[in-house]
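Commentary on secondary and tertiary structure
The primary structure of each chain is shown beneath.
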Amino acid sequence: MFIQTIDILGTVAFAISGVLVAMNKKMDPFGVFIIAFVTAVGGGTLRDVLIGATPVFWMQDMTFILVISLASVFAVVFRNYIKHLRRSLFLFDTIGIGLYTVIGIEKGISADLHPVICVTLGTMSACFGGVIRDILCNEIPVIFRKEVYATACILGGLAYFGLDAFLQDQNLLFLIAGAVVIAIRLVAVIFKISLPSLYKKNS
Amino acid sequence: MFIQTIDILGTVAFAISGVLVAMNKKMDPFGVFIIAFVTAVGGGTLRDVLIGATPVFWMQDMTFILVISLASVFAVVFRNYIKHLRRSLFLFDTIGIGLYTVIGIEKGISADLHPVICVTLGTMSACFGGVIRDILCNEIPVIFRKEVYATACILGGLAYFGLDAFLQDQNLLFLIAGAVVIAIRLVAVIFKISLPSLYKKNS
Amino acid sequence: MFIQTIDILGTVAFAISGVLVAMNKKMDPFGVFIIAFVTAVGGGTLRDVLIGATPVFWMQDMTFILVISLASVFAVVFRNYIKHLRRSLFLFDTIGIGLYTVIGIEKGISADLHPVICVTLGTMSACFGGVIRDILCNEIPVIFRKEVYATACILGGLAYFGLDAFLQDQNLLFLIAGAVVIAIRLVAVIFKISLPSLYKKNS
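Owing to the predicted nature of the structure, the values given are computational and were not obtained by experimental measurement.

Cut-off values and rules
- Residues numbered from 1 in each chain as written.
- Chains lettered and ligands numbered in written order.
- Predicted model: local features only at pLDDT ≥ 70, side-chain atom pairs only at ≥ 80, totals over all residues.
- Heavy atoms only, no water.
- Helix = DSSP H or I, 4+ residues; strand = E, 2+ residues; numbered from the N terminus.
- Rg over C-alpha atoms; globule rule 2.2 N^0.38 Å.
- Buried < 20%, exposed > 50% of the residue type's maximum accessible area, 1.4 Å probe, protein only.
- Least-squares fit on C-alpha atoms with pLDDT ≥ 70 in both.
- Contact = heavy atoms within 4.5 Å.
- Expected span 1.5 Å × (residues − 1).
- Bend = angle between axes of the 7 residues up to and from the residue.
- Polar contact = N/O pair within 3.5 Å; in protein donor to acceptor, adjacent residues only side chain to side chain.
- UniProt positions renumbered as here; feature names shortened; annotations may be inferred.
- 1 Å grid on protein atoms, 1.4 Å probe; cavity = no way out; pocket = protein on both sides within 12 Å on 5 of 7 lines; lining within 4 Å.
- Points joined across faces, edges and corners; volume = space filled by probe spheres on them.
- Nonpolar A, V, L, I, M, F, W, Y, C, P; charged D, E, K, R; others polar.
- Phe/Tyr/Trp six-rings, centres within 6.5 Å; stacked < 30°, edge-to-face > 60°.
- Lys NZ or Arg CZ within 6 Å of the ring centre and 35° of its normal.
- Buried area = accessible area lost by both parts, 1.4 Å probe.
- Salt bridge = Lys/Arg side-chain N within 4 Å of Asp/Glu carboxyl O.
- Core = buried A, V, L, I, M, F, W, Y, C linked by side-chain atoms within 4.5 Å.
- Axes fitted to C-alpha atoms, helices over the stretch in contact; angles between N-to-C directions.
- Left-handed = near helix turned anticlockwise from the far one by under 90°.

A separate point is the overall build of chain A. In terms of helices and strands, chain A carries 7 helices and 0 strands. Reading the helices (α) and strands (β) of chain A from amino to carboxyl end gives α-α-α-α-α-α-α. In terms of overall dimensions, chain A is globule-like: its C-alpha atoms have a radius of gyration of 17 Å, near the 17 Å expected for 203 residues. Structurally, chain A occupies a C-alpha span of about 50 × 50 × 30 Å along its principal axes. Relative to its full complement of 203 residues, chain A shows a buried share of 52%.

In structure tokens:
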């Protein structure tokens, strides 16, 4: 129940971020909905396809389509007020990537995959919806350029497997991993930390 | 036999539309063929991958590769005359999306998926070849911006499941669904109807 | 052992080419790694997904992630010296596509697919990593515009199936197919041969 609530909040935040990007590109209602949908479920869909967990997750639970539809309509109607919700949305989004990372790791473990692949799947679940959104909008994906987004997911995944030897309780491990993702993302945004640049300043 | 003929005409129309877009981008012969191929089978391929129907359909029936190859050669050779065929191509294309929508719905039903997912799969089969074509050509997908394309497919799918309670004959249902897609697309193009804009006129 | 060495050299060459493209786009370290990864394994991943060979190959053998990580760090650190390695990289890359083509054909044969599909899978394995790289970098894929890359792979595949009737030894067939790919690519680059243009010179 608790997890499902977080999952829905994360989906809402991702869908709304998709709506905002799509409306910036002057898309029509169909385009806006597709971008919202892809942003919310694209990462998990890619994960399911790569490990062969088909039909993919959102085809087996109608909650996702319903929630994304409602969130899209809400975001379109109240688009002028959403800026006041920026802080809530950022919070949902951050909690969302924590949860998505954990769900991805869990799916990898169930499929008996190597820990490195599990961390990859967690990061993919959390981050690749945004990548597909940016490709469909004809942009270079933003997380390839300046976000700590993916780094937070990777470190959360490493925390899970790093503590695996010391803790027996898998639920506790998942909780810690999610918390690490969320904490790193919050700290990075609050203190404006980003990955070290590979390029000279004045280039 | 009748269905196969329509399927081939639809594939030809989609492939030719791919050739024309690729030649606009000054692609070489290999690029032109790939874009033609992706336009014609991309939507169905995505559908098959997401529901786990692999190897995907065009790997199991050589007709598709053959038809797309011939259509591509034809379109390249007669590119200066194709404008005179514009009306025929539009008709093939419209009949094609009607059929592709129905095939997608049928595949979803066979896989025991929820009606909403079946409608999604129908729409995806008909529309996502064009989306992948536009991404490969570095454009924002045209159906996200101004076409009634997808809406026609969705309404056709809804017609299928809306009449499901009243009609026993599945073939008749498929025929009606396809006809709805085709009728809506024709009406929309003839009367220049598009989705209501989300944006102010002078923005 | 011999094949594995070639596979690793090919992966290294592909990964480094990804790093160079990503750094041209001023991506951050995470983006650079993802582009290197996708360039190296993207074609094989698409092949595995389309034929349903999941989890995809790099999830089952940690060598790929390891090699790509090391190659990426190497390429970033020594980016100013890599131009002196251009000839070696071109050679690795060319040997790599020869091998990737053969691996793709082999996978298609194991899955009992039609020869035409096997050739397609070989070409896809060798070429589509670069296509996905270019899409993520917001470019029209370079092999759609001016490379003999794909043509070499297709001709190598045809050589395999053309000689199939005359030669019993499958290993010999694979060797010949790989050699054809490599030879055509070398000849095309050395003599600056490209596909005949579909467009008038001054257009």
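Alright, that's what it looks like, and here's the rest.
For the pair chain A and chain B, the relating rotation is 120°, the translation along its axis is 0.0 Å, and the fit reaches an RMSD of 0.0 Å. The operation mapping one copy onto its partner corresponds to a three-fold rotation axis. Interface overlap between copies: only 11% of the residues of chain A at the interface are likewise at the interface in chain B, consistent with a contact formed by different surfaces.

Think of it as a corkscrew move, a rotation about one axis and a shift along it, taking one chain copy to the other. It takes a turn of 120° to lay chain C on chain B, together with a shift of 0.0 Å along the axis; the resulting RMSD is 0.0 Å. Of the interface residues in chain C, just 10% have counterparts in chain B that sit at the interface too, so the contact is made through distinct surfaces.

Residues and elements named next belong to chain C. For helix H2 (residues 29–51), which comprises 23 residues, the first-to-last C-alpha distance of 32 Å matches the rise-based estimate of 33 Å (1.5 Å per residue) to within 8%. Along H2, the helix axis deviates most sharply at Val 41, where the bend reaches about 55°. Taken across its 23 residues, H2 has 20 buried, putting it largely inside the fold. The N-cap residue of H2 is Asp 28: its side-chain oxygen and the backbone nitrogen of Phe 30 are 3.1 Å apart. Gly 52, located one to two residues past H2, shows a positive phi value of around 80°.

Now for the UniProt feature "transmembrane region" (unreviewed entry) in chain A. Those places that UniProt annotates as "transmembrane region" (unreviewed entry) correspond, in this numbering, to residues 6–23, 30–50, 62–82, 89–107, 113–136, 148–167 and 173–195 of chain A. Between the C-alpha atoms that bound residues 148–167 of chain A the distance is 27 Å, and the span itself is 75% helix and 0% strand.

A few words now on empty space enclosed by the protein. Within this structure, the stated rule accounts for 1 cavity of 30 Å³ or more. The space that makes up the largest cavity amounts to roughly 70 Å³. Residue lining of the largest cavity: Ile 135, Asn 138 and Glu 139 of chain A, Ile 135, Asn 138 and Glu 139 of chain B together with Ile 135, Asn 138 and Glu 139 of chain C, and that is the complete set. The residue makeup of the lining of the largest cavity, split by class, is 3 nonpolar, 3 polar and 3 charged.

Right, let's get into the packing of aromatic side chains. Enumeration according to the criterion identifies 27 aromatic pairs over all chains in this entry. With a centroid separation of 5.0 Å and 90° between ring planes, the pair formed by Phe 57 of chain A and Phe 64 of chain A is classed as edge-to-face. One aromatic cluster in this structure is built from Phe 33, Phe 37 and Trp 58 of chain A. Geometry around Phe 57 of chain B places Arg 47 of chain B over its ring, the cationic atom sitting 5.5 Å from the centre.

Quick look at the interface of chain C and chain B now. Every contact between the two is made by 30 residues of chain C and, on the other side, 27 residues of chain B. For the pair chain C and chain B, the summed buried area comes to about 2400 Å², and 73% of that belongs to carbon and sulfur atoms. On the chain C side of the contact with chain B, Phe 144, Leu 198 and Tyr 199 of chain C bury the most area, a combined 29% of that side's loss. For the pair chain C and chain B, the interface holds 0 salt bridges. Seen at the junction of chain C and chain B, the total is 3 residue pairs in polar contact (both at pLDDT 80 or more). Contributions of two or more residues to the side of chain C that touches chain B are made by H2, helix H5 (115–136) and helix H6 (149–163) of chain C. Here the side of chain C that touches chain B gets 8 residues from one element, more than from any other, and that element is H5 of chain C. Of the residues contributing to the side of chain C that touches chain B, the split by class is 21 nonpolar, 5 polar and 4 charged.

Listed as interface residues are 27 residues of chain A and, on the opposing side, 31 residues of chain B. Summed over both partners, the interface of chain A with chain B comes to about 2400 Å²; 73% of that surface belongs to carbon and sulfur atoms. The tally of links from chain A across to chain B stands at 3 residue pairs in polar contact (both at pLDDT 80 or more). Take the side of chain A that touches chain B: its biggest share by element is 8 residues, from helix H2 (residues 29–51) of chain A. Classifying every residue of the side of chain A that touches chain B by side-chain character gives 19 nonpolar, 4 polar and 4 charged.

Attention shifts here to the UniProt feature "domain: Glycine transporter" (unreviewed entry) in chain A. Annotation from UniProt places "domain: Glycine transporter" (unreviewed entry) at residues 5–79 and 91–163 of chain A. As annotated, residues 5–79 of chain A has a helix share of 77% and a strand share of 0%, and its two end C-alpha atoms lie 24 Å apart.

Trp 58 of chain A, Trp 58 of chain B together with Trp 58 of chain C are the most contacted members of the largest nonpolar core, which has 189 residues in total. Discounting residues that sit within four places of it in the chain, Trp 58 of chain B has contacts with Phe 37, Val 41, Thr 45, Phe 64 and Ile 65 of chain B together with Leu 50, Ile 117, Thr 120 and Met 124 of chain C.

Turning to the packing of helix H5 (residues 115–136) of chain B against helix H6 (residues 149–163) of chain B, a few remarks are in order. Residues and elements named next belong to chain B. At their nearest, the axes of H5 and H6 sit 9 Å apart, and the two run at 145° to each other. Relative to H6, H5 is oriented so that their crossing is right-handed. In contact with Pro 115, Cys 118, Val 119, Thr 123, Ala 126 and Cys 127 of H5, H6 contributes Tyr 149, Ala 150, Cys 153, Ile 154, Gly 157, Leu 158 and Phe 161. Tallied by class, residues from the contact of H5 with H6 come to 11 nonpolar, 2 polar and no charged.

Before going further, it helps to examine the environment of Leu 172 of chain C. Along the chain, Leu 172 of chain C turns up in helix H7 (residues 170–190). Judged by relative accessible area, which is 36%, Leu 172 of chain C ranks as partly exposed.

A few words on the pattern of salt bridges. Under the definition given, this model contains 15 salt bridges over all chains. Residue Asp 134 of chain A pairs with Arg 133 of chain A through a salt bridge whose shortest N-O separation is 3.0 Å. For the salt bridge of Arg 47 of chain C with Asp 48 of chain C, the shortest nitrogen-to-oxygen distance reads 3.1 Å. Each member of the pair, Arg 47 of chain C as well as Asp 48 of chain C, carries the same accessibility label: buried. Through salt bridges with shared partners, one network takes in Arg 47, Asp 48 and Lys 107 of chain A.

Before going further, it helps to examine unusual backbone geometry. Residue and element names in this part refer to chain A. For the bond running from Thr 54 to Pro 55, omega is -10°, close enough to zero to count as cis. Looking at the element boundaries, Pro 55 is found in the loop between H2 and helix H3 (63–77). Unlike most non-glycine residues, Lys 26 shows phi in positive territory, near 60°. Mapping Lys 26 onto the fold places it in the loop between helix H1 (2–24) and H2. Assessed through its relative accessible area of 40%, Lys 26 is described here as partly exposed. With a phi angle near 65°, Asn 138 is a residue other than glycine that sits in the positive phi range. As for its position among the elements, Asn 138 is in the loop between helix H5 (115–136) and helix H6 (149–163).

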